[in-house]
Amino acid sequence: MSPDVSSIFRPGLLDGQVALVTGGGTGIGLGISTLLADLGAHVVIASRKPEHLAGAEAGIRARGGAVSTVALDVRQPEAVKAAVDGIAQRLGRLDVLVNNAAGNFYAPSATLSANAWKSVVEIDLYGTFHCSQAVYPVMAAQGGGRIISTSMTLHYRGWPLMAHATAAKAGVDALTRTLAVEWAPQRIRVNAIAPGPIPTEGVRKAFTPPADSGVPDVFAAAEAKMAEYARKGIPLGRWGTPEDIANMVAFLASPAGDWITGAIFVIDGGEWLAKGGG
Ligand code: HXC
């Protein structure tokens, strides 16, 4: 039974469903985990960091949601497969995968270390592939499923100091379109969301440019400055929230999205169209 919480979606919309949300213990991922659980899904939150798992699990349980956790680094394909197989065995199915885990930071391409490049591309792109590949047999055997991956808008144009993340997210877009076509016969719908600026703690940290880089620090401290940026830089006039993103994930996870696959939804208040960045 769904908890008694307010949402534009009907209570019980995802009753009986099982959803895995990577990086689902903080920020945007936590918003997604919370809404899916509110709508009746059993949500499995995956994170590398145990401290992110415990708090998120307790918070969702306190709302009446069904939730469990798994410690997981999406860069490790064998561990991903073991985690997914464990969920399928324990809960009997896996209907929704949200590839939300991401790593990001500003760094000049000329001096980016090989390991720094690898870390971000492995989390954002390889991780998305590893998790998608791991859920495929489970979803195919049960007659379908939904994969929703997190992209962004920064790679729609050049974005200095983000070569690693923009390359990885461009790969996520390509992967989304290809898997959508390849796995449609198995009724696995594969879509992506591209969030604009949402001032969660993780995003603020990742999007703080090095001093003297010439890149504007859109999350720079003062709330008044942030409000001014939203007024001038975001056509819809405000920063995004995790709920803005979670609502699209819930829509895509629900039967309302039954004829949607291979789509990438920009959710950014119109920012990149106006400005060329996310
Ligand atoms: C240059 C850096 C760096 C930085 C790390 N490195 N931070 N290089 N500038 N700011 C380098 C390290 O020196 C090291 O290279 C390599 O990257 C790996 O670093 P580790 O800390 O050992 O790796 P790890 O512990 O695996 O951490 C992965 C990480 C980290 C990506 C580096 O930042 C992380 O865990 N991030 C997860 C949380 C996160 O970033 N969330 C934000 C997502 S926001 P060397 O050569 O020294 O070994 C997002 C935005 C969405 O994605 C779009 C909004 C518009």
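Look a little higher up for the structure.
Residues numbered from 1 in each chain as written. Predicted model: local features only at pLDDT ≥ 70, side-chain atom pairs only at ≥ 80, totals over all residues. Heavy atoms only, no water.

## Focus on the pattern of salt bridges
Consideration 1: For the structure on display, the rule yields nine salt bridges.
Consideration 2: Here Glu57 makes a salt bridge to Arg61, at a shortest N to O gap of 3.2 Å. One end of the pair is Glu57 and the other is Arg61, both in helix 2 (residues 50–62) and four residues apart, which spans about a single turn.
Consideration 3: By relative accessible area, which is 46% here, Arg61 ends up partly exposed. (Salt bridge = Lys/Arg side-chain N within 4 Å of Asp/Glu carboxyl O. Helix = DSSP H or I, 4+ residues; strand = E, 2+ residues; numbered from the N terminus. Buried < 20%, exposed > 50% of the residue type's maximum accessible area, 1.4 Å probe, protein only.)

## Looking at the environment of Ser213
Consideration 1: For Ser213, the position within the fold is in the loop between helix 6 (201–206) and helix 7 (223–233).
Consideration 2: With a relative accessible area of 30%, Ser213 lands in the partly exposed category.
Consideration 3: Residues Ser213 and Leu161, spaced 52 residues apart in sequence, show a C-alpha to C-alpha distance of 8.6 Å.

## A word on the site of the ligand
Consideration 1: Residues in close proximity to the ligand total 20 residues, the closest being Arg48, Arg75, Asn104, Ser113 and Asn115.
Consideration 2: For the ligand, an oxygen atom lies 2.5 Å from a polar atom in the side chain of Arg48.
Consideration 3: Burial of the ligand by the protein chains amounts to 61% of its free accessible area of 1100 Å².
Consideration 4: Sorting the residues of the shell around the ligand by element identifies helix 4 (114–142) and helix 6 as the ones contributing at least two each.
Consideration 5: In terms of residues, the shell around the ligand owes the most to one element, helix 4, which gives four residues.
Consideration 6: When grouped by side-chain class, the residues that make up the shell around the ligand number eleven nonpolar, seven polar and two charged. (Near = heavy atom within 4 Å. Polar contact = N/O pair within 3.5 Å; in protein donor to acceptor, adjacent residues only side chain to side chain. Areas by Shrake-Rupley, 256 points an atom, 1.4 Å probe, with all protein chains shown as cover. Nonpolar A, V, L, I, M, F, W, Y, C, P; charged D, E, K, R; others polar.)

## Considering the sheet that holds strand 5 (residues 145–150)
Consideration 1: Taken together, seven strands build an open sheet; the order of strands is 3-2-1-4-5-6-7 and the sheet is parallel. Edge positions in the sheet fall to strand 3 (66–71) and strand 7 (264–267), since each has one partner strand and no second. Ignoring strand direction, the axes of neighbouring strands in this sheet form an average angle of 20°.
Consideration 2: Along the sheet, helix 3 (residues 77–91) makes contact with strand 1 (18–22), strand 2 (42–47) and strand 3, crossing strand 2 at roughly 160°.
Consideration 3: The strands that helix 8 (residues 242–253) touches are strand 4 (96–99), strand 5, strand 6 (188–195) and strand 7; relative to strand 6, the one it contacts most, it runs at about 170°. (Pairing = 2+ DSSP bridges. Axes fitted to C-alpha atoms, helices over the stretch in contact; angles between N-to-C directions. Contact = heavy atoms within 4.5 Å.)

## Regarding the packing of helix 1 (residues 27–38) against helix 8
Helix-helix packing is characterised by the crossing angle of the two axes and by the distance between the axes.
Consideration 1: Where helix 1 meets helix 8, the closest approach of the two axes is 8 Å, and the angle between their N-to-C directions is 50°. Accordingly, the angle class assigned to the pair helix 1 and helix 8 is oblique. The hand of the helix 1/helix 8 crossing is right-handed. Two secondary-structure elements touch here, helix 1 through Gly27, Ile28, Gly31, Ile32, Leu35 and Leu36 and helix 8 through Pro242, Ile245, Ala246, Asn247, Val249 and Ala250.
Consideration 2: Looking at the contact of helix 1 with helix 8 residue by residue, the class counts come to nine nonpolar, three polar and no charged. (Parallel < 35°, antiparallel > 145°, perpendicular 65-115°, else oblique. Left-handed = near helix turned anticlockwise from the far one by under 90°.)

## Considerations on helix 7
Each α-helix turn comprises 3.6 residues. Residues three or four places apart therefore point the same way.
Consideration 1: All buried positions along helix 7 are accounted for by Met226, Tyr229, Ala230 and Gly233. Down the axis of helix 7, the smallest arc covering the buried residues is 100°, so these residues share one side. Opposite the buried face of helix 7, by more than 90 degrees, sit the exposed residues Ala224, Arg231 and Lys232.
Consideration 2: If you follow the buried residues of helix 7, they end up packed against helix 6 and helix 9 (271–275). (Arc of directions from axis to C-beta.)

## Structural notes on the nonpolar core
Consideration 1: With 30 residues, the main nonpolar core has Ile32 and Leu36 as its most contacted residues.
Consideration 2: Looking at this core, the elements with two or more residues in it are strand 1, helix 1, strand 2, helix 2, strand 4 and helix 8.
Consideration 3: Residue contributions to this core peak at six residues, all from helix 8.
Consideration 4: In contact with Ile32, other than residues within four places in its own chain, are Val21, Val98, Asn100, Ile245, Ala246 and Val249.
Consideration 5: Counting 27 residues, the second-largest nonpolar core is a separate cluster that includes Ala46, Val74, Leu94 and Val190. (Core = buried A, V, L, I, M, F, W, Y, C linked by side-chain atoms within 4.5 Å.)

## Focus: helix 3
Consideration 1: For helix 3, spanning 15 residues, the distance from its first C-alpha to its last is 21 Å, which sits close to the expected 21 Å at 1.5 Å a residue.
Consideration 2: The secondary structure elements touched by the buried residues of helix 3 are strand 1, strand 2, strand 3 and helix 4.
Consideration 3: Where helix 3 ends, the next residue or the one after it, Gly92, has phi of about 85°, a positive value. (Expected span 1.5 Å × (residues − 1).)

## With respect to unusual backbone geometry
Consideration 1: Here the phi dihedral of Leu161 falls at roughly 75°; this positive angle occurs in a residue that is not glycine.
Consideration 2: Leu161 gets classed as buried once you look at its relative accessible area, which sits at 15%.

## Brief notes about the packing of aromatic side chains
A ring pair, where both rings are aromatic, is described by two values, the distance of the centres and the angle of the planes.
Consideration 1: Here the structure, examined in full by the defined rule, presents six aromatic pairs.
Consideration 2: Ring centres of Tyr106 and Phe207 lie 5.8 Å apart, and the angle between their planes is 80°; this geometry places the pair in the edge-to-face category. Highlighted residues: Tyr106 in the loop between strand 4 and helix 4 and Phe207 in the loop between helix 6 and helix 7, separated in sequence by 101 residues. One exposure class covers both Tyr106 and Phe207, and it is buried.
Consideration 3: Between Tyr136 and Trp183, the aromatic rings sit 4.7 Å apart at their centres with planes inclined by 40°, giving tilted as the arrangement. Pair noted here: Tyr136 is in helix 4 and Trp183 is in the loop between helix 5 (163–182) and strand 6, with a separation of 47 residues, a long-range link.
Consideration 4: Exposure remark for Tyr136: the relative accessible area of 24% places this residue in the partly exposed category.
Consideration 5: Ring-pair connections join several aromatic residues into one group, and the members of that group are Tyr106, Phe207, Phe219, Tyr229 and Trp239. (Phe/Tyr/Trp six-rings, centres within 6.5 Å; stacked < 30°, edge-to-face > 60°.)

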